[in-house]
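# Topology and contacts: notes
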Amino acid sequence: MNPDGCALGSRVDYVTSARLLEELTAAMGEKTLTRKVRYYASFDLPIIDEFGFDRLERREYPESASLLYKVVDARSGRGSTACVTNVDFSDWSEYLGDPPLVIAMLDRIVDSAIVIRFEGKSYRQHRTERKQVAAKQSSTQS
């Protein structure tokens, strides 16, 4: 998805980490990895969602740490990269399995970063609970 003009004319790309790794792995096999990394580096804001979801990345893509690093490094100092994850920074080494590479990647991610940590219920859970309360109220008023 490439919603050009998404934020004041910025080129934004949304991709799940599983999809990103699938594309990077395929590009590696096709010997087009450099071109694919440049593609992701070209956006004003790539949004990488679901990083760490069910440990999919490491099981499916053993080279995931190295591939993610290539994208993060290519973007380092060029612009923002949004990573949406439920994995704490302290657990990334265990999750990706390459502590030195993870330290280098996190160093680039958090350099001049704004880290937003959400606590509590997810928006989807909150929305579902509100619908259930509204439905219950409607049935008692009828």
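Conventions used here
Residues numbered from 1 in each chain as written. Predicted model: local features only at pLDDT ≥ 70, side-chain atom pairs only at ≥ 80, totals over all residues. Heavy atoms only, no water. Phe/Tyr/Trp six-rings, centres within 6.5 Å; stacked < 30°, edge-to-face > 60°. Buried < 20%, exposed > 50% of the residue type's maximum accessible area, 1.4 Å probe, protein only. Core = buried A, V, L, I, M, F, W, Y, C linked by side-chain atoms within 4.5 Å. Helix = DSSP H or I, 4+ residues; strand = E, 2+ residues; numbered from the N terminus. Contact = heavy atoms within 4.5 Å. Arc of directions from axis to C-beta. 1 Å grid on protein atoms, 1.4 Å probe; cavity = no way out; pocket = protein on both sides within 12 Å on 5 of 7 lines; lining within 4 Å. Points joined across faces, edges and corners; volume = space filled by probe spheres on them. Nonpolar A, V, L, I, M, F, W, Y, C, P; charged D, E, K, R; others polar.

## With respect to the packing of aromatic side chains
Summed over all chains, the structure comprises 4 aromatic pairs. Seen in terms of ring centroids, Tyr39 and Phe43 are 5.1 Å apart; in terms of plane orientation they differ by 90 degrees. Their pairing is edge-to-face. Owing to a relative accessible area of 31%, Tyr39 belongs among the partly exposed residues under this scheme. According to the relative accessible area criterion, Phe43 is buried, its value standing at 3%. When the centroid spacing of 5.6 Å and the interplanar angle of 75 degrees are considered together, the rings of Phe89 and Trp92 count as edge-to-face. Under the relative-accessibility criterion, Trp92 is labelled buried at 2%.

## Some points on the nonpolar core
Residues Leu20, Leu24, Leu68, Trp92, Leu96 and Met105 are the most contacted members of the largest nonpolar core, which totals 25 residues. Only α1 (17-29), α2 (33-41), β3 (45-51), α4 (64-75), α5 (92-96) and α6 (99-110) provide two or more residues apiece to this core. It is α4 that provides the largest number of residues to this core, a total of 6 residues. Sequence-distant contacts of Met105, defined by excluding residues within four places in its chain, comprise Ala65, Leu68, Tyr69, Val72, Trp92 and Leu96.

## Description of α2
Note: α-helices contain 3.6 residues per turn, so residues at a spacing of three or four share the same orientation. Within α2, burial applies to Leu33, Val37, Tyr40 and Ala41. For α2, the angular spread of the buried residues around the axis is 105 degrees, confining them to a single face. Exposed side chains of α2 directed beyond 90 degrees from the buried face belong to Arg35 and Arg38. For α2, the elements touching its buried residues are β2 (10-16), α1, β3 and α4.

## A short note on empty space enclosed by the protein
With the rule as written, the count across this model stands at 1 cavity of 30 Å³ or more. Estimates place the volume of the largest cavity at around 60 Å³. Lining the largest cavity are Leu20, Ile48, Phe51, Leu68, Val71, Val72, Cys83, Trp92, Met105 and Ile109. At the level of elements, β3, α4 and α6 are the ones that each hand at least two residues to the lining of the largest cavity. Here the lining of the largest cavity takes 3 residues from α4, the largest share from any one element. Split into classes, the residues belonging to the lining of the largest cavity amount to 10 nonpolar, no polar and no charged.

Read these as spatial facts, not as claims about activity.
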